[in-house]
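This is what each chain is made of:
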Amino acid sequence: MRNAWNEDPQYIVNLTRNLIGEKTLSSIIKENPEADPQRIRSYVWLTLPKLQVMRADTLGYICAYASASGAHCGKHSRGMVAPKFINSTGLIDVFPSSQREEVFCSKQPGELQVYIALGVLISVVTDMIRQTEWQAQWPTWELTEVEEKWLRDHPE
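Let me begin by describing the structure that accompanies this report. (Residues numbered from 1 in each chain as written. Predicted model: local features only at pLDDT ≥ 70, side-chain atom pairs only at ≥ 80, totals over all residues. Heavy atoms only, no water.)

### What to know about the overall build of the protein chain
Turning to step 1, where the next piece is worked out: A tally of regular secondary structure across the protein chain gives 10 helices and 0 strands.
Turning to step 2, where the next piece is worked out: The C-alpha radius of gyration computed for the protein chain amounts to 16 Å, which stays within 12% of the reference 15 Å derived for 156 residues, consistent with globular compactness.
Turning to step 3, where the next piece is worked out: Taken along its principal axes, the extent of the C-alpha atoms in the protein chain is 50 × 35 × 30 Å.
Turning to step 4, where the next piece is worked out: Intrachain contacts of the protein chain at a sequence separation of at least 6 include 78% that bridge at least 24 residues.
Turning to step 5, where the next piece is worked out: In the form shown here, the protein chain has an accessible surface area of approximately 8900 Å², with 55% of it arising from carbon and sulfur atoms.
Turning to step 6, where the next piece is worked out: In the protein chain, the 16 positive side-chain charges and the 19 negative ones have mean positions that sit 5 Å from each other. (Helix = DSSP H or I, 4+ residues; strand = E, 2+ residues; numbered from the N terminus. Rg over C-alpha atoms; globule rule 2.2 N^0.38 Å. Contact = heavy atoms within 4.5 Å. Areas by Shrake-Rupley, 256 points an atom, 1.4 Å probe, with all protein chains shown as cover. Lys, Arg positive; Asp, Glu negative; His and termini not counted. Charge placed at Lys NZ, Arg CZ, Asp CG, Glu CD.)

### Section: the packing of aromatic side chains
Turning to step 1, where the next piece is worked out: Under the criterion given, the structure shown has 8 aromatic pairs.
Turning to step 2, where the next piece is worked out: Where Trp-45 meets Tyr-115, the ring centres are 5.8 Å apart and the plane angle is 55°; that geometry is what we call tilted. Linking Trp-45 in the loop between helix H4 (37–44) and helix H5 (48–52) with Tyr-115 in helix H9 (residues 109–137), this pair joins segments that are 70 residues apart in sequence.
Turning to step 3, where the next piece is worked out: The class for Tyr-115 is buried, based on a relative accessible area of 9%.
Turning to step 4, where the next piece is worked out: Judged by centre distance (6.0 Å) and plane angle (55°), the ring pair of Trp-134 and Trp-141 falls under tilted. As far as burial versus exposure is concerned, Trp-134 and Trp-141 are alike and both buried. (Phe/Tyr/Trp six-rings, centres within 6.5 Å; stacked < 30°, edge-to-face > 60°. Buried < 20%, exposed > 50% of the residue type's maximum accessible area, 1.4 Å probe, protein only.)

### Brief notes about the nonpolar core
Turning to step 1, where the next piece is worked out: If you look at the biggest cluster of nonpolar residues, it comprises 35 residues, and the most contacted ones within it are Ile-12, Val-44, Leu-51, Ile-62, Val-124 and Val-125.
Turning to step 2, where the next piece is worked out: Listed by contribution, the elements that provide at least two residues to this core are helix H1 (4–7), helix H2 (9–20), helix H3 (22–31), H4, H5, helix H6 (56–63), helix H7 (91–94) and H9.
Turning to step 3, where the next piece is worked out: Apart from the residues within four sequence positions on either side, Ile-12 is in contact with Trp-5, Ile-62, Tyr-65, Val-120 and Val-124. (Core = buried A, V, L, I, M, F, W, Y, C linked by side-chain atoms within 4.5 Å.)

### Quick word on the environment of Glu-34
Turning to step 1, where the next piece is worked out: By secondary structure assignment, the location of Glu-34 is in the loop between H3 and H4.
Turning to step 2, where the next piece is worked out: Using a relative accessible area of 43% as the deciding quantity, one classes Glu-34 as partly exposed.
Turning to step 3, where the next piece is worked out: For the pair Glu-34 and Ile-129, spaced 95 residues apart in sequence, the C-alpha separation works out to 8.1 Å.

### Observations regarding the packing of H3 against H9
Turning to step 1, where the next piece is worked out: Interhelical geometry of H3 versus H9 gives an angle of 60° and a closest axis separation of 10 Å. As judged from the angle between their axes, H3 and H9 are oblique. Crossing of H3 over H9 shows right-handed handedness. Mapping the contact onto sequence places Leu-25, Ile-28 and Ile-29 in H3 and Val-125, Met-128 and Ile-129 in H9.
Turning to step 2, where the next piece is worked out: Classifying every residue of the contact of H3 with H9 gives 6 nonpolar, no polar and no charged. (Axes fitted to C-alpha atoms, helices over the stretch in contact; angles between N-to-C directions. Parallel < 35°, antiparallel > 145°, perpendicular 65-115°, else oblique. Left-handed = near helix turned anticlockwise from the far one by under 90°. Nonpolar A, V, L, I, M, F, W, Y, C, P; charged D, E, K, R; others polar.)

### Quick look at the side chain of Asp-127
Turning to step 1, where the next piece is worked out: For Asp-127, the position within the fold is in helix H9.
Turning to step 2, where the next piece is worked out: We note that Asp-127 is buried and unpaired, the nearest opposite charge coming from Arg-130 at a distance of 6.7 Å.
Turning to step 3, where the next piece is worked out: Among the polar contacts listed, one links the side chain of Asp-127 to the backbone nitrogen of Ser-88, at a separation of 3.1 Å.
Turning to step 4, where the next piece is worked out: A polar contact of 2.8 Å, which involves the side chain of Asp-127, links it to the side chain of Trp-134. (Salt bridge = Lys/Arg side-chain N within 4 Å of Asp/Glu carboxyl O. Polar contact = N/O pair within 3.5 Å; in protein donor to acceptor, adjacent residues only side chain to side chain.)

Structure follows, in structure tokens:
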């Protein structure tokens, strides 16, 4: 299964920094220590015009980093090394259920790709702010021996 977070995590982090700009990103981080994706969205929304003029293949590459709950949320195998950048924020965090219909259902296919890419950028900024926390919590997200055995015995 293809996972852009495993293939090239630095791409999306660097792209986010470039699209938002270091000065703006520093302001977002300083003004949002609680890392609320809803509040961060109001800042990152300013990148929308840049996303709207991107080629479809570039948007598709950004969208390859999209996940519902974050690529690294939930439990992982024991002994797995923490990724250099943990993505634990997903589209459901960025676009709560009350806004999903407005964001996704009323958009045309190409337009939908822009909003998914926007959600990815918001997720990355949120995770930038919480990265120290995610790295510290990584060991607590480990599967127990019993859970690993169950998964081996029940491959789906």
